[in-house]
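# Structural features, examined
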Amino acid sequence: MTIAPAKLSDPTVRAFVNAVNANDEEAFMTLLTDDATMSDDGSDRNLAQWADREIFSSHGHIEVQHESDGGRTIVANYRNDTWGEMRTAWRFTVAEDGRISRFETGQA
């Protein structure tokens, strides 16, 4: 069963999902600390290049299936125009200012 973004527990993760689903790169980038990092399937990636390729130029979309860790870990069906749909896990580290300092994603 899908969890509507408005029902997600963590406000920063909620904003992240909304930004991805709206293909809103500006909103996405404002959610990240200046030194934010990320990994995909266990390998660190250049966040800006990865986001452009995997989210914005390929119309990424997240449908959350489950959340844990106060909403900072989610399992979701993720789809984009490049890879189609896959089951993914996302883990977010949120800084004291409410922005994401790191996220990790990969196939679940």
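Our subject is the structure that appears above.
For the structure given in this document, a descriptive report is provided here. (Residues numbered from 1 in each chain as written. Predicted model: local features only at pLDDT ≥ 70, side-chain atom pairs only at ≥ 80, totals over all residues. Heavy atoms only, no water.)

## Let's talk about the side chain of Thr88
Its location among the elements puts Thr88 in strand β5 (residues 84-94). Separated by 2.9 Å, the side chains of Thr88 and Trp90 make a polar contact. When neighbours within four sequence positions are excluded, Thr88 is seen to be in contact with Ile74, Val75, Ala76, Tyr78, Thr105, Gly106, Gln107 and Ala108. (Helix = DSSP H or I, 4+ residues; strand = E, 2+ residues; numbered from the N terminus. Polar contact = N/O pair within 3.5 Å; in protein donor to acceptor, adjacent residues only side chain to side chain. Contact = heavy atoms within 4.5 Å.)

## Describing the packing of aromatic side chains
Considering all chains together, one arrives at 12 aromatic pairs under this definition. Taken together, the aromatic side chains of Phe16, Phe28, Trp50, Phe56, Tyr78, Trp90, Phe92 and Phe103 make up a single cluster linked through ring pairs. (Phe/Tyr/Trp six-rings, centres within 6.5 Å; stacked < 30°, edge-to-face > 60°.)

## Concerning the nonpolar core
Judged by nonpolar contacts, the single largest core of 26 residues is most densely connected at Phe16, Phe28, Ile62, Trp90, Phe92 and Phe103. For this core, the elements supplying multiple residues, two or more each, are α1 (11-21), β1 (32-40), α3 (47-56), β3 (61-68), β4 (73-80), β5 and β6 (100-107). Those residues in contact with Ile62 that sit more than four places away from it in its chain are Phe16, Val17, Val20, Asn21, Ile74, Ala76, Asn77, Tyr78 and Trp90. (Core = buried A, V, L, I, M, F, W, Y, C linked by side-chain atoms within 4.5 Å. Buried < 20%, exposed > 50% of the residue type's maximum accessible area, 1.4 Å probe, protein only.)

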